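Secondary and tertiary structure notes
One-letter residues, chain by chain:
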Amino acid sequence: NAEYMGARFFNFFSQRVYKIMEFSKMKVDELRKQCKNLGIDSEGTKAMLLSRLKQKTGENKGVKRANSSEEAEQPTKKAKAENGESKVETKEETKEEEKEKTKTKAKSSTKEDKKKEKKEEQEKEEEEEKETETDNKEKKNKKKKGNDEEEEEQKEEEKKTEKETKKKGKSEEEEEAETEKEEKKEEEEVKIPEKKEEPVVFKDGEENFDDEVIWGEVEFWENSVRPLKPKATNIVIKSKDPSNPNKKTETGYRFKIFYPLIEEGSPNPTYHVQTDEEETVLRIHAGKPYQDLCYRISGKNWLTNQKDGYLCKFEEKVFYLNFDLKSN
């Protein structure tokens, strides 16, 4: 009987160990099917499924009994090896789970990055909108300024047209009066540096000489601007005619003409005599901005020797011309 019971126990134990070996060789999907067939929870890792199947089939007790006998040493070693394989598989599963976690983390990080990118894009769009608003405001301001300038130009043109129409309606006499006023204003604007003139003291036989004439055309400067007339203090020397004591004849002239606005470096004033059948004219020319001065003088010949009192010079912007006439 003892032998019979021992053989029976050995057969039972070998069957259980074989089942354990079969479970350990199975894949996770197959283990889950076995758990479902036995009515056990089929979720979890491979090690968890194996432990549930062992508990259900009572393999733990068989393993303890096999450890008490020497004949169960070999199958237990195989079971340990299978358990080692199951641990390796569990490690692989844990690695897979870690990979999945890393993937989920990466997904979450990508979501966060996307959110940040969206925020940055929104901020950029807001900045662009602000810039466009500022540009539009500047354009509007420029347009307003341009419109204001155009309005001012139109007003100035209207004023000019009004002046022109008024001028057209005026008579020729009024226009001449206005031109004279403008010329006077221009002459006043040209400020001539005033120089204190010494009072003219006439000697015996000397008189003031102002026998000025208009000879030829008057020269105008710079677009019909009227030239300036220089100031002058001229003297004529007269003496009694020996043939007729009641009459006086010219025996000499003294010309003193002021040119305060003459430009430096410009040529000195000059003179020349123009004779005609009826009269003799002395013309003095200085150039810009002064007009020529013309005087009617005697037609007698001049004494051009310095010993006889002849003088012609330009000094301190004053032109001097002194000469006496021959008595023949």
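A brief look at the structure comes next. (Residues numbered from 1 in each chain as written. Predicted model: local features only at pLDDT ≥ 70, side-chain atom pairs only at ≥ 80, totals over all residues. Heavy atoms only, no water.)

**Let's talk about the nonpolar core**
Operational definition: Among buried residues, those of type Ala, Val, Leu, Ile, Met, Phe, Trp, Tyr and Cys that are joined through side-chain atoms within 4.5 Å constitute a nonpolar core. A simple rule labels every residue: compare its accessible area, found with a 1.4 Å probe on the protein chains alone, to the largest value its type can have, and call it buried under 20%, exposed over 50%, or partly exposed in between. Only DSSP runs of H or I with at least four residues qualify as helices, and only runs of E with at least two residues qualify as strands; both kinds are numbered from the N terminus onward. Contact criterion: two residues are considered in contact whenever any of their non-hydrogen atoms come within 4.5 Å of each other.
Core analysis: the largest hydrophobic core is formed by 21 residues, its most contacted members being Tyr253, Phe255, Tyr259, Leu282, Ile297 and Phe323. Contributing elements (two or more residues each) for this core: strand 3 (248–258), strand 5 (280–285), strand 6 (293–297) and strand 9 (318–325). Ranked by residue count, the leading element in this core is strand 9, at four residues. What Phe323 contacts, discounting residues up to four positions off in sequence, is Gly252, Tyr253, Arg254, Phe255, Leu282, Ile297, Trp302, Gly309 and Tyr310. Counting residues in each nonpolar core, the second largest holds eight residues, with Phe23, Met26, Leu31 and Leu50 among its members.

**Re the pattern of salt bridges**
We apply this condition: Think of a salt bridge as a Lys or Arg side-chain nitrogen and an Asp or Glu carboxyl oxygen that are within 4 Å of each other.
Under the defined criterion, the tally for this structure stands at eight salt bridges. Here Glu207 and Lys238 are joined by a salt bridge, their closest N and O atoms 3.6 Å apart. Of this pair, Glu207 sits in strand 1 (residues 206–208) while Lys238 sits in strand 2 (residues 235–240), placing them 31 residues apart in sequence. The exposure class of Glu207 is partly exposed, given its relative accessible area of 32%.

**Concerning the packing of aromatic side chains**
Filter applied, for reference: We call Phe, Tyr and Trp rings a pair once their centres come within 6.5 Å, taking the six-membered ring for Trp, and we label the pair stacked below 30 degrees between planes, edge-to-face above 60, and tilted otherwise. The criterion is that NZ of a Lys, or CZ of an Arg, lies within 6 Å of the ring centre and within 35 degrees of the ring normal, and then a charge sits over that ring.
Counted according to the given criterion, the structure contains 10 aromatic pairs. Considering the side-chain rings of Tyr253 and Phe323, the 5.5 Å spacing of their centres and the 45° angle between planes classify their relative orientation as tilted. Residue Tyr253 is found in strand 3, and its partner Phe323 is found in strand 9; the two are separated by 70 residues along the sequence. Residues Tyr253 and Phe323 agree in their burial class; the two are buried. One aromatic cluster is present, formed by Phe209, Tyr253, Phe255, Tyr271, Tyr295, Trp302 and Phe323 through successive ring pairs. Its end group placed over the ring of Tyr320, Lys313 keeps NZ or CZ at 5.4 Å from the ring centre.

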